[in-house]
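Residue strings, one per chain:
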Amino acid sequence: MKQIVMATTNDNKVKRIKALLKDLEYNIVSLKEINENDIEEPKETANTPVDIAIEKALHYANYLPNNKIILTQDDTIIFDGIHEEDNPGVHIKEPVIKKYGKFTDELAAQYYKELADKYGGTIPMKFRYGHAVAIKENNGRIVKKVSGAESFLEVRLVNKIYKLEKVPGYFLAALMEANIDGKWIPYNDLNDETLVKLDKDLYYSITTLLDNIE
């Protein structure tokens, strides 16, 4: 079974991808699981989720062992029907830090709850995900292949913080609802099977990259 290193220390992100790819013949591990959680985080200078994901993949390829498949992810939030200055884009944390001087799940949840309040209680939103995979060829830090793709998830932001403690590191889960068969359901109440169905676009994006990298 081939190993994929998901270049993150966020346990919830890794859990999500593991559930998504559970039927494939890959062993998915995080940086923590291979004792590489002290690698310096890459600088994110690109302007799109795909390009940022590629930046990350190239960065982590410098530190991980040869022939490891490296998977990275970045995302942008797109809010519909709000002023441009209120759209965080690729910089989800920045408006929180600007307002409060630091970032925590609790402060971020409060910031985005107030944003939903500002626009009547709900805001249609879309996640634009960027993914990249890379393989390092040798100790000369040469990347054999790198490729990127994007996918989308459509939900809505609401002005109620719900079960914030359920998903540490993913505060937006406490503020999102998904339309399931015509009914809006809190994201944190969705079961694993439903979450995998919602993430079908992510699945095709990532599996396409894996097919192309080998």
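Please refer to the structure higher up on the page.
Residues numbered from 1 in each chain as written. Predicted model: local features only at pLDDT ≥ 70, side-chain atom pairs only at ≥ 80, totals over all residues. Heavy atoms only, no water.

Participant: Go over the packing of aromatic side chains, please, and point to the residues and values.
Facilitator: Enumeration according to the criterion identifies seven aromatic pairs in this entry. Between Phe127 and Tyr129, the aromatic rings sit 5.6 Å apart at their centres with planes inclined by 10°, giving stacked as the arrangement. In this structure, Phe127 and Tyr129 share a single accessibility class: buried. With 6.0 Å between their ring centres and 90° between their planes, Tyr170 and Tyr187 make a pair best called edge-to-face. Residue Tyr170 is located in the loop between β5 (142–158) and β6 (176–180), and its partner Tyr187 is located in the loop between β7 (183–186) and α5 (192–198); the two are separated by 17 residues in the primary sequence. When its relative accessible area of 18% is taken as the criterion, Tyr170 is described as buried. Three or more aromatic residues joined by ring pairs make a cluster, and in this case those are Phe79, Phe103, Tyr111, Tyr112 and Phe171. Looking at Lys93, its charged tip hangs above the ring of Phe103, at a distance of 5.1 Å from the centre. The positively charged end of Lys126 is found above the aromatic ring belonging to Phe152, 5.2 Å away from the centroid. (Phe/Tyr/Trp six-rings, centres within 6.5 Å; stacked < 30°, edge-to-face > 60°. Buried < 20%, exposed > 50% of the residue type's maximum accessible area, 1.4 Å probe, protein only. Helix = DSSP H or I, 4+ residues; strand = E, 2+ residues; numbered from the N terminus. Lys NZ or Arg CZ within 6 Å of the ring centre and 35° of its normal.)

Participant: Requested: an account of the environment of Ile78, with residues and values cited.
Facilitator: Locating Ile78 in the fold gives a position in strand β3 (residues 69–79). Remark: the alpha-carbon pair of Ile78 and Lys13, spanning 65 residues in sequence, is separated by 20 Å. If near-sequence neighbours (up to four positions away) are discounted, Ile78 is found in contact with Asn87, Pro124, Met125, Lys126 and Arg128. (Contact = heavy atoms within 4.5 Å.)

Participant: Break down unusual backbone geometry for me, citing the residues and quoting the values.
Facilitator: Phi is positive for Lys163, which is not a glycine, with a value near 55°. A positive phi is found at Asp181, a non-glycine position, where the angle reads about 55°. Position of Asp181 among the secondary structure elements: in the loop between β6 and β7.

Participant: So what about the pattern of salt bridges? Which residues, and what values?
Facilitator: Under the criterion given, the structure shown has 13 salt bridges. Here Asp74 makes a salt bridge to Lys56, at a shortest N to O gap of 3.3 Å. One end of the pair, Asp74, is in strand β3; the other, Lys56, is in helix α2 (residues 49–61), and 18 residues separate them in sequence. A salt bridge links Glu193 to Lys197; the nearest nitrogen and oxygen atoms lie 3.8 Å apart. Of this pair, Glu193 and Lys197 are both found in helix α5, four residues apart, which corresponds to roughly one turn of the helix. Residue Glu193 is classed as exposed on the basis of its relative accessible area of 55%. Among the residues examined, Lys197 registers a relative accessible area of 55% and is labelled exposed. Residues joined in a network through salt bridges with shared partners are Glu44, Lys56 and Asp74. (Salt bridge = Lys/Arg side-chain N within 4 Å of Asp/Glu carboxyl O.)

Participant: Lay out the pairing of strand β1 (residues 2–6) with the relevant residues and their values.
Facilitator: For β1 and strand β2 (residues 26–30), the ladder comprises five bridges, and the chain directions are parallel. Counterpart to Met6 in the pairing with β2 is Ser30. Following the backbone out of β1, through helix α1 (residues 11–20) and into the adjacent parallel β2, one traces a crossover that is right-handed. (Pairing = 2+ DSSP bridges. Right-handed = clockwise from strand over helix to strand, strands pointing away.)

Participant: Account for α1, naming residues and giving values.
Facilitator: Every buried residue belonging to α1 is among Val14, Arg16, Ile17 and Leu20, and all of these are buried. The buried residues of α1 occupy an angular sector of 160° when the element is viewed end-on, so they sit on one face. Sitting at the head of α1, Asn10 places a side-chain oxygen 2.9 Å from the backbone nitrogen of Asn12. (Arc of directions from axis to C-beta. Polar contact = N/O pair within 3.5 Å; in protein donor to acceptor, adjacent residues only side chain to side chain.)

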